[in-house]
Amino acid sequence: MLLLPIVFLLNTSPVVAYYTNMPASVVIGQPDFSSSAANQGGSTAANTLSTPRYAMIAEGKLFVMDGGNNRVLIWNKVPTQNGIAADVVIGKTSFTDGSTQTCAANIFNPADGQIL
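Fair warning: this is a prediction, and the values are worked out from it, not measured in the lab.

Rules and cut-offs
- Residue numbering note: each chain is counted from 1, following its sequence as written.
- A pLDDT threshold of at least 70 governs which residues receive local features in this predicted model, and a stricter bar of 80 or more applies before side-chain atom pairs are shown or counted, although totals over entire chains, interfaces and linings include all residues.
- Neither water nor hydrogens contribute to the side-chain values; these are computed over all heavy atoms in the structure.
- Helix and strand definitions here come from DSSP, where helices need a minimum of 4 consecutive H or I residues and strands a minimum of 2 consecutive E residues; each element is numbered from the N-terminal end.
- Relative accessibility thresholds used throughout: buried, under 20% of the residue-type maximum; exposed, over 50%; partly exposed, between the two (1.4 Å probe, protein chains only).
- Note on contacts: a residue pair qualifies if any of its non-hydrogen atoms lie within 4.5 Å across the two residues.
- Residue burial considers only the protein chains on display, and all accessible areas are found by Shrake-Rupley using a 1.4 Å probe.
- Here the rule is simple: two strands pair whenever DSSP picks up at least two bridges between them.
- In this analysis an axis means a line fitted to C-alpha atoms, helices contributing only their contacting stretch, and an angle means the value between N-to-C directions, from 0 to 180 degrees.

Caption draft 1: Expanded view of the overall build of the protein. Helix and strand content of the protein: 1 helix and 4 strands. Each helix and strand of the protein, placed in order from N terminus to C terminus, yields the pattern α-β-β-β-β. By residue count, 28% of the 116 residues in the protein fall in the buried class. Summarising the internal contacts of the protein: among those between residues at least 6 apart in sequence, 34% fall at separations of at least 24. Accessible surface computed for the protein: about 8000 Å², of which carbon and sulfur atoms make up 61%.

Caption draft 2: Highlighting the sheet that holds strand 4 (residues 88-90). Spatially, the 4 strands line up as an open sheet ordered 1-2-3-4, and their pairing is antiparallel. Looking along the sheet, the strands with just one partner apiece sit at the ends: strand 1 (52-58) and strand 4. On average, adjacent strands in this sheet sit at an angle of 20 degrees to one another, irrespective of strand direction. The pairing of strand 2 (residues 61-66) with strand 3 (residues 71-75) spans 5 bridges and is antiparallel. Looking across to strand 3, one finds that Asp66 is bridged to Arg71.

And the structure:
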């Protein structure tokens, strides 16, 4: 019976048990769970989203394709609080660049917000 507490003390893995219909504990792109306006009702910023399409976690980083803003946002750590700003933007010159542009080597503009 003493082995179980020792196993819990030695287990430092951040793995969390997930289940169907589990409530979310953090929201990104909005200040809270009841808000839903694109870019939080304002301008494009490091903590806003407009029509996010895909999200994934790789090597502890969160990647979100922000289709409405034609960019990919990267958080170096998975956010643990609501409304945390992203650390990196790909496809735009800055976090506040909300312009629509054609494709180029440094511009992200997927057709219909999709990645092929």
